[in-house]
Amino acid sequence: MTTADPPAAATAGPQAGTQAGPQAGPQAGPQAGAFADPPSRPFVPWAPAPRERPAGTLAQLWLLARNPIETWSRAHYEKPILSGLSLLGHVTVVNDPAAIRRVFIENAGNYEKDALQLRVLRAGARPGAGDGLLVAGGEAWKRARRTLAPLFTPRRVAAFAPLMQMKAQARVEAWMRRRAGGVVEIDREMGRVAYEILSATLFSDALVEERAGFEREMGRLLESIGRIDPLDVLNAPQWLPRFNRREAETSRAWFEGAVERLVGARRAQMEADPARTPDDLLTALLRASDPETGAGLTPEEVAANLFTFIAAGHETTARALTWTLHLLARAPYWQERAREEARNAPDDPAEWLDALPCVRAVLEESMRLFPPVPHMSRAATAADVLAGLDIPAGSTIVVAPWLLHRHKTLWERPSAFMPERFLPGARERIERFAYLPFGAGPRVCIGATFAMQEAIVVLVTALRAVRFAPAQRHEPRPLLRITLRPDDRVPLIVTPA
Ligand code: HEM
């Protein structure tokens, strides 16, 4: 529970008024250093209105393919747990933090990744291609997780901070040169900076000339596999043609080629000149071994995990940054307050992750409203009881950060952008299992520290140099395609700070 539950009338609905329209630029905010209390009428970003009643069968199929976050009804935002028969069989949507703790921690062994999720995430993959960490299961997953964990320790991640700052700084300078005072499509720019950071930390820019192809194919892949095919929902035989299959295959083949070139070149370099091999995540991946058995990853596992890090690490962080800057552009108070903190940040960017409570609170509140991964699901292998409800074996459990983070009983004014809830003093009162941008339990995001550091470094670097204001009145609308992305470009006016 964040704070006391508000009376229903005090809870701002998705369509409630906003704090400032596009015309209110950052100059409307308070002067640096003079931060009064946060605004009493916070910005309320656009979100789809909950349906009054759950969608019928055909409507469900259509909405799942179009935008699954539109399927949620009012009850999903208000009840702790809802169960019923749907197209996916017996489905339980869980919003009760204690029940979520049971699914992810106490009885985690009973809840595996479900078949529909795996079908979607593997769509277009070649038969025989290895499984990356995201989709692996059972013993193979345990071994891979043990082997890969040392790649993402806080110490290793901190060592990447200067490189992250350098890439972010170069991006900001490019805005200043190209478009000082002009309009920047911030969604594209965040995609670009996330790629440049990933490319530098993961494979030392070995694919730098392939950025355009990379972004095109990643966009295509997510658009194709992220559209849930009705035939997959209905568990139709795999030989029946899916509308997304061919595009997914083409994009996967592009990535397989890129990964193969990358791994081949790096292995050759490691043999020819081990002393000058870059100390990046790719080298670490190739050298990684299971701490229990000493065994390394198979070539298929190396390729699949490299692809997984690219796919899971790029989009999510780029989306988190895009939504954060969209919100900051419309919430001048928080933009100024975060800028003030950014200007006074320690010199060493490795310290920023833990030293900047306001920047962090802004990012966390943004991922509450627009969780980059808005939907997680599991299959119950044996029967269980969650929040007093019988869960039959084989049924699907949905934990949707989109719903949980906007749930009426867990958050005060759930639709409003109020970073103050994440500031020290308030943050500690947030229930651990009411806020899950990175998931929880054994399958919690392995890249969470990396992503938080990257996002904070980019935000600090950008806020120090420039101000953001919306370039149009129209707000981007959230669209679920595995990640939560804006339905359109997000143009922001960028001026020197
Ligand atoms: C803001 C950025 C990110 C968000 C919001 C995010 C979110 C998540 C979530 C919610 C899960 C759990 C899914 C589930 O339980 O079903 C997950 C898993 C995963 N994430 Fe992230 N992620 C982010 C960045 C990254 C980065 C930067 C990497 C790697 C470079 C990464 C790699 C992975 C992997 C490999 C898994 C699977 C872990 C496992 O099953 O053992 N993610 N992520």
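Residues numbered from 1 in each chain as written. Predicted model: local features only at pLDDT ≥ 70, side-chain atom pairs only at ≥ 80, totals over all residues. Heavy atoms only, no water.

**A short note on the coordination of the iron atom of the ligand**
Piece 1. Looking at the iron atom of the ligand, one finds just one donor atom contributed by the protein, Cys 445 (SG), at 2.3 Å.
Piece 2. Within the fold, Cys 445 resides in the loop between α17 (401-404) and α18 (448-465). (Donors = N, O, S within 2.8 Å, 3.2 Å for Na, K, Ca; no water. Helix = DSSP H or I, 4+ residues; strand = E, 2+ residues; numbered from the N terminus.)

**Thoughts on the site of the ligand**
Piece 1. Contacts to the ligand come from 26 residues, most closely from Trp 141, Arg 145, Arg 378, Arg 443 and Cys 445.
Piece 2. Leu 133 has a polar backbone atom sitting 3.4 Å from an oxygen atom of the ligand.
Piece 3. Looking at the shell around the ligand element by element, the count peaks at 6 residues for helix α13 (residues 299-330).
Piece 4. Classifying every residue of the shell around the ligand gives 15 nonpolar, 7 polar and 4 charged. (Near = heavy atom within 4 Å. Polar contact = N/O pair within 3.5 Å; in protein donor to acceptor, adjacent residues only side chain to side chain. Nonpolar A, V, L, I, M, F, W, Y, C, P; charged D, E, K, R; others polar.)

**Some details on helix α14 (residues 332-343)**
Piece 1. With 12 residues, α14 extends 16 Å between its outermost C-alpha atoms, agreeing within 8% with the 16 Å of an ideal straight helix rising 1.5 Å per residue.
Piece 2. Burial analysis of α14 places 9 of its 12 residues in the buried class, which makes it a mostly covered element.
Piece 3. Within α14, burial applies to Pro 332, Tyr 333, Trp 334, Gln 335, Glu 336, Ala 338, Arg 339, Glu 341 and Ala 342. (Expected span 1.5 Å × (residues − 1). Buried < 20%, exposed > 50% of the residue type's maximum accessible area, 1.4 Å probe, protein only.)

**So, the sheet that holds strand β8 (residues 396-399)**
Piece 1. Spatial ordering of the open sheet is given by β1-β2-β8-β5-β3, a layout of 5 strands whose pairing is mixed. The two strands at the open ends of the sheet, each matched to only one other strand, are β1 (81-86) and β3 (111-112).
Piece 2. Inspection of the sheet shows strand β5 (residues 376-380) paired to β8 by 4 bridges, in the antiparallel sense. Bridge pairing in β8 places Ser 377 opposite Val 398. (Pairing = 2+ DSSP bridges.)

**Things to note about the confidence of the model for the protein chain**
Piece 1. When the pLDDT values of the protein chain are averaged, the result is 87; 88% of them are 70 or greater.
Piece 2. Predicted confidence for residues 1-32 stays below pLDDT 50, and this span has 74 contacts to residues more than four positions away or in other chains. (pLDDT = per-residue confidence, 0-100. Contact = heavy atoms within 4.5 Å.)

**Points about the packing of α13 against α18**
Piece 1. Relative to each other, α13 and α18 sit at 40°, their axes nearing to 10 Å. In terms of their interaxial angle, α13 and α18 are classed as oblique. Our pair here, α13 against α18, has a crossing hand that is right-handed. Contact residues: Thr 317, Leu 321, Thr 324, Leu 325 and Leu 328 in α13; Ala 451, Glu 454, Ala 455, Val 458, Leu 459 and Leu 463 in α18.
Piece 2. In terms of residue class, the contact of α13 with α18 is built from 8 nonpolar, 2 polar and 1 charged. (Axes fitted to C-alpha atoms, helices over the stretch in contact; angles between N-to-C directions. Parallel < 35°, antiparallel > 145°, perpendicular 65-115°, else oblique. Left-handed = near helix turned anticlockwise from the far one by under 90°.)

**Some details on the packing of aromatic side chains**
Piece 1. Here the structure, examined in full by the defined rule, presents 12 aromatic pairs.
Piece 2. Judged by centre distance (6.3 Å) and plane angle (35°), the rings of Trp 411 and Phe 422 are tilted. Residue Trp 411 is found in the loop between α17 and α18, and its partner Phe 422 is found in the loop between α17 and α18; the two are separated by 11 residues along the sequence. In terms of burial, Trp 411 and Phe 422 fall into one category: buried.
Piece 3. Centre to centre, the rings of Phe 422 and Tyr 435 are 4.8 Å apart; their planes meet at 55°, and the pair counts as tilted. Taken together, the residues Phe 422 in the loop between α17 and α18 and Tyr 435 in the loop between α17 and α18 connect sequence positions 13 residues apart.
Piece 4. Under the relative-accessibility criterion, Tyr 435 is labelled buried at 6%. (Phe/Tyr/Trp six-rings, centres within 6.5 Å; stacked < 30°, edge-to-face > 60°.)

**Side note on empty space enclosed by the protein**
Gaps between atoms show up when a probe of the same size as a water molecule is rolled over them.
Piece 1. Following the criterion strictly, the structure yields 3 cavities of 30 Å³ or more and no others.
Piece 2. The volume enclosed by the second largest cavity comes to roughly 40 Å³.
Piece 3. Along its surface, the second largest cavity is lined by His 326, Arg 330, Ala 471, Gln 472, His 474, Pro 476, Val 490, Pro 491 and Leu 492.
Piece 4. Contributing elements (two or more residues each) for the lining of the second largest cavity: α13 and β12 (491-496). (1 Å grid on protein atoms, 1.4 Å probe; cavity = no way out; pocket = protein on both sides within 12 Å on 5 of 7 lines; lining within 4 Å. Points joined across faces, edges and corners; volume = space filled by probe spheres on them.)

**Focus on the layout of surface pockets**
Piece 1. Here the second largest pocket is characterised by a volume of approximately 500 Å³.
Piece 2. Taken together, 22 residues line the second largest pocket, and the ones lying closest to its centre are Asp 187, Arg 188, Glu 315, Arg 319 and Arg 489.

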